[in-house]
Every structure is written in C-alpha cells, then in structure tokens.
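Architecture and fold: a report
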Amino acid sequence: MADRVTVIGWDGTPPSPAARAALDAATLVAGAPRHLDLTEVPEAAERVPLGSVDRAVERIAAHRGSAVVFSDGDPGFFGVLRALRDPRHGLEVEVIPAVSAVSLAFARAGMPWEDARVVTANRRTLRRAVNVCRAHPKVAVLTSPGAGPAELALLLGEELRTFVICEAPGTEGERITVLTSDRVARHRWTDPNVTIVVGAPGALSGPPDTPGGSGVPGGAGAPGEGVWLAGREAGAGALPRGWGLPPAVYGESPARTAPGDGSSGEPADDPHLRAAQLAALGPGPGDLVWDVGGGSGWTALEAARQGAGVIVVDRDARTCARISATARRLGVPLRVVHGAAPQALADLPEPDVVRIGGGGPRTLLACVDRRPQRVVGHALTRDGAEAAGRVLSGAGYGVRCALLQTVELETSSWTEQGRNVAFLLVGSRM
C-alpha cells in the first residue's frame, strides 16, 4: 500500500506550496500526459498514465512510497477521487483541490450556474447526456474523446440549442466559442473541453450570431426568483405541484378526443389514467420519452417535468400547435413532431420508454421494434387490450393489464360528474 497519496487538482495555474511539497516527495506520479509532462514532476518518479483509472488505482495501491495523482479541476467532482477512496484499496488520501473545469467554464462565459445540470459524457453515457440537454435549459457537459461537442450536436439533431464551448480550460490554449448547435459539427474541438448547452423556453438571451442576440446566453428565470437547490431551474416552483393534474390546473378545459382522429382517444383526458401511465413509465433524468398520439399533451408535459427528454408525435396540426403553445407558456422543454405514426417515428432518436395514445397495432409494432425498456398504453375495450397484449408479448415483453374505473364527484353535493373506464397496459422488456 502506498505510504501516502496526494491528489492534486490542476487548473493550469502553478502548483501551490503544498502541491510542490507533495511532488518533491513523490516516487510515483499518475495523471494525464499533460500532467506528467509538467516540469514539477520529479524525473526519478514512476509515471503512471490515467488511461484506465481502475488499473492506475491498482498500481498506486500496490506502490510502496509516496504517490501523487493529478486530476483536472476539483478531484472530488467527476474526478479520480471516488476510485481512490474505494474501500477495497484502503488508501489514505489527501486532496489539494483546484477550481473545477465547470466552474471555470461558467466564469469565462459570465454565467451563473447554480441552476445548471452537470453531466459527464463518454461513449457509454453520451445518449443519456444528450437527453438531459433536451430536458433542461442549462447543462454543463464534461466531454471526452468520441463524446464531444460535435457528437452532442449531431444527436440533438433538429432540437436547436446554443453551445458555449470552453476548450483546454486553464491552459495557454484556452478558447471560448459560442455557436448554435447546427454549426457545431462543422468544427474540430480540442480536448479536454467543457460544453455548456443552453436552450428551451425562456433560457436564451441569444448568442451574437442569432437574431436579437447580444452575447453569451443568460440563465433561466429572473433575478430574485431564487434557486435554493442546485440544478433546479429558477422559477420552477411556479409550476403546479404533482402530476395527473386536472386540466384546469394548466389553465385549460377538458375536451374529449375521439379514437381515430390522430390524437390519443383517451376517455375524457382522465387525469387518473394519466397518473397511472406516468407511474408505469417512471420517466427521469437521462431518459427519452416518446408520447405517440399526444392528445391533450398533459402526459408529455408532466413527463418532461420529471426531468426526462420528451418527444410528442401527433398527426393533427392543431393538436401539435396547442401542445407547443402550452409547453412554451409553462416553460417546459419538449419537442413536438407533426406526423402520422408509424412513419413519423422512423428518424426519431432511441426512446427509453414509450407512451402510446393511439395509432393501432402498426404503431405499437413500430415502437417495440425500437426496444424501449417500457411501453405503456390503454384500450377502451377488452378486445383492444387483448390485441395490444398479444403484440407486446409476441415482441418479448412482459405484459400487465389492469381495468381502471374512475368516478369524479362534485364535492358540494357529492353528485357524480363523470365516469371513465379504461384498460391500462404495461409492457416491460425482458
């Protein structure tokens, strides 16, 4: 076991006296090539590149002597510290932090960031990082080779965002670039970099190259609204609490959508059915939800409020316009696609969960062909439920079905105001 392990955060500034003392005593130094090339690294010290963090940590744990580990920015924030503190290694670790790359990037951009989400993108997590960018108005992405600004922009596709890219933060080659996402893939970007992705309703003041823009994008919400929880957008508390809410909460009146009109065909847009569907979907940060047959749009809006990226597909232009307008009014980011399923689904990014409000067996087959983790829908008759269940089970999904009946009561007289009956279907990938 190493006698002592000192983790030094590096932000491009000269090492502090404490860091210099640790380096002078080090017999092993681990870090990225740019760290190992620093003049402060003792010539006699063993150099361990941090290509594979797990292997490097095993080598450090087996070392006899004093070890120093370099980590960009704050080692405790998406850095190497977690791996070093793994109880299996039994290492005693001292940390000398530096300014995190995320903090530095926001400072260079002149943007507040207590309302920002922070994600790390690599080849395994890239898709989920992009989904967070779909769902939130301000996201800092710690990128990696093969999962950088160009890949983020390409996966976002038509969902336009503004990118603030901080290349080589803290070095002489540091550069800040502001571009709209449709232009990002045309450039080559230096690693490492931090990419701030800004977009969604109310989040932009606009970059210099967009109409009406005057500089780097601003934050969501007005000063004084208050952000008490990191990563929570300013003004988010103004939205209604809960889900499965009645239409009046959203400032709209309920309207029955009939099956076959291209919308959902839900029984009177029953909020209780909507709540059950949301519970079965379980949308969360990093997920992408398809809402096929958007209907009222409230299922999509409430899924987006859980932190998921959401794409609504509906063949009725007026329905699409109404959902888009409601989302803008409430400041909820989602994408609305006008088109008929299953054809409109072909070019959409891969979903994690799918809610189907209409479209029939062909649409259901097209959805399960994309292998989402869960598919949720409903039927108004038992025959319809059985037919959908056969499609799901035939595609290798486990199927659950429940008959839901809800009765609304007017509580001043306790008289019945409405009754809805539907079969809730949930298909889970096995």
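Let me sum up the structure you'll find in this document.

Parameters and conventions
Within each chain, residue numbers correspond to sequence positions counted from 1 in written order. Local features in this predicted model are restricted to residues of pLDDT 70 or higher, and side-chain atom pairs are both shown and tallied only at a pLDDT of 80 or more, whereas totals for entire chains, interfaces and linings draw on every residue. Calculation of side-chain values draws on the structure's entire complement of heavy atoms; hydrogens and water are dropped beforehand. Secondary structure elements are taken from DSSP: a helix is a run of H or I of four residues or more, a strand is a run of E of two residues or more, and numbering for both begins at the N terminus. The contact criterion used throughout is that any non-hydrogen atoms of two residues lie within 4.5 Å. Think of a 1 Å grid over the protein atoms and nothing else: a 1.4 Å probe that fits but is trapped marks a cavity, an open set flanked by protein within 12 Å on at least five of seven lines marks a pocket, and residues with an atom within 4 Å of a point count as lining. Grid points are joined across faces, edges and corners, and a volume is the space filled by probe spheres set on the points. Note that Gly is not counted as nonpolar here; it falls among the polar residues with everything else outside the nonpolar set of Ala, Val, Leu, Ile, Met, Phe, Trp, Tyr, Cys and Pro and the charged set of Asp, Glu, Lys and Arg. Under the rule applied, a polar contact is a pair of N or O atoms within 3.5 Å (in protein, one hydrogen donor and one hydrogen acceptor; residues adjacent in sequence only if both atoms are side-chain atoms). A pair of strands is considered paired only if DSSP assigns at least 2 bridges between the two. Between N-to-C directions, angles span 0 to 180 degrees; the directions come from axes that are lines fitted to C-alpha atoms, helices contributing only their stretch in contact. Here a salt bridge means any side-chain nitrogen of Lys or Arg lying within 4 Å of a carboxyl oxygen belonging to Asp or Glu. Only protein chains enter the calculation, and the probe is 1.4 Å; a residue is then buried if its accessible area is under 20% of its type maximum, exposed if over 50%, and partly exposed in between.

Details of the environment of Val375
If you trace the backbone, Val375 turns up in strand E15 (residues 374-379). Every residue in contact with Val375, bar those within four places of it in the chain, is listed here: Val354, Ile356, Leu364, Val368, Leu392, Tyr397, Leu425, Val426 and Gly427.

Remarks on empty space enclosed by the protein
As enumerated under the stated definition, the model contains one cavity of 30 Å³ or more in all. Each pocket or cavity is described by its volume, and for the largest cavity that value is around 30 Å³. Of all the secondary-structure elements, those providing two or more residues to the lining of the largest cavity are strand E16 (397-410) and strand E17 (415-429). Counted by class, the lining of the largest cavity contains four nonpolar, three polar and one charged residues.

Thoughts on the side chain of Arg370
Within the element layout of this structure, Arg370 appears in the loop between helix H12 (360-368) and E15. Side-chain polar atoms of Arg370 contact the backbone oxygen of Leu348, separated by 2.4 Å. Reaching out from Arg370, the side chain makes a polar contact with the side chain of Glu350 at a distance of 3.0 Å. Ignoring any residue separated from it by four or fewer positions in sequence, one finds Arg370 in contact with Trp290, Leu345, Ala346, Leu348, Pro349, Glu350 and Pro351.

Thoughts on the layout of surface pockets
When its volume is computed, the largest pocket comes out at roughly 1400 Å³. Together, 44 residues line the largest pocket, and Val53, Phe78, Gly79, Thr120 and Thr143 are the ones closest to its centre. At the level of secondary structure, the elements contributing two or more residues to the lining of the largest pocket comprise helix H2 (33-36), strand E4 (66-72), helix H4 (81-84), helix H5 (101-109) and strand E10 (193-198). Broken down by class, the residue content of the lining of the largest pocket amounts to 22 nonpolar, 15 polar and seven charged.

Let's talk about the sheet that holds strand E8 (residues 162-167)
Reading across the sheet, the five strands line up as E6-E7-E10-E8-E9 and stay open at both edges, with mixed pairing between neighbours. Of all the strands in the sheet, the pair left with one neighbour each is strand E6 (117-120) and strand E9 (175-180). Mean inter-strand twist for the sheet, computed between neighbouring axes without regard to direction, equals 20 degrees. Sheet topology note: the E8/E10 ladder contains six bridges and is antiparallel. Of the residues in E10, the one forming a bridge with Glu167 is Asn193.

Here's the deal with the pattern of salt bridges
Pairing is possible between side chains that carry opposite charge, provided their charged atoms lie close to one another. Evaluation of the coordinates by the stated rule reveals 18 salt bridges. Of the charged contacts in the structure, one is a salt bridge between Asp115 and Lys138, with a shortest N-O distance of 2.9 Å. Of this pair, Asp115 sits in the loop between H5 and E6 while Lys138 sits in strand E7 (residues 138-142), placing them 23 residues apart in sequence. Of the two residues, Asp115 and Lys138, both sit in the buried class. With a shortest N-O distance of 3.8 Å, Arg335 and Glu159 are connected by a salt bridge.

As for unusual backbone geometry
Residue Pro192 follows Asp191 across a cis peptide bond; omega there is -5 degrees. Inspection of the secondary structure puts Pro192 in the loop between helix H8 (181-184) and E10. Here Ala341 and Pro342 are connected by a cis peptide whose omega angle stands at 5 degrees. Located in the positive-phi region is Arg371, a residue other than glycine, with phi close to 55 degrees. Counting through the fold element by element, Arg371 comes out in the loop between H12 and E15.

Digging into the sheet that holds E16
The mixed open sheet is built from seven strands, whose spatial order is E13-E12-E11-E14-E15-E17-E16. Of all strands in the sheet, those bounded by a partner on one side alone are strand E13 (335-338) and E16. If you compare each strand with its neighbour and ignore which way they point, the axes differ by 20 degrees on average. Note that strand E11 (residues 288-292) and strand E14 (residues 353-356) share four bridges and pair parallel. Bridge pairing in E14 places Asp291 opposite Arg355. On top of the sheet, helix H9 (residues 271-281) reaches E14, E15, E16 and E17; it is set at about 160 degrees to E15, its chief contact. Those strands touched by H12 are E11, E14, E15 and E16, and its axis lies near 175 degrees from that of E14.

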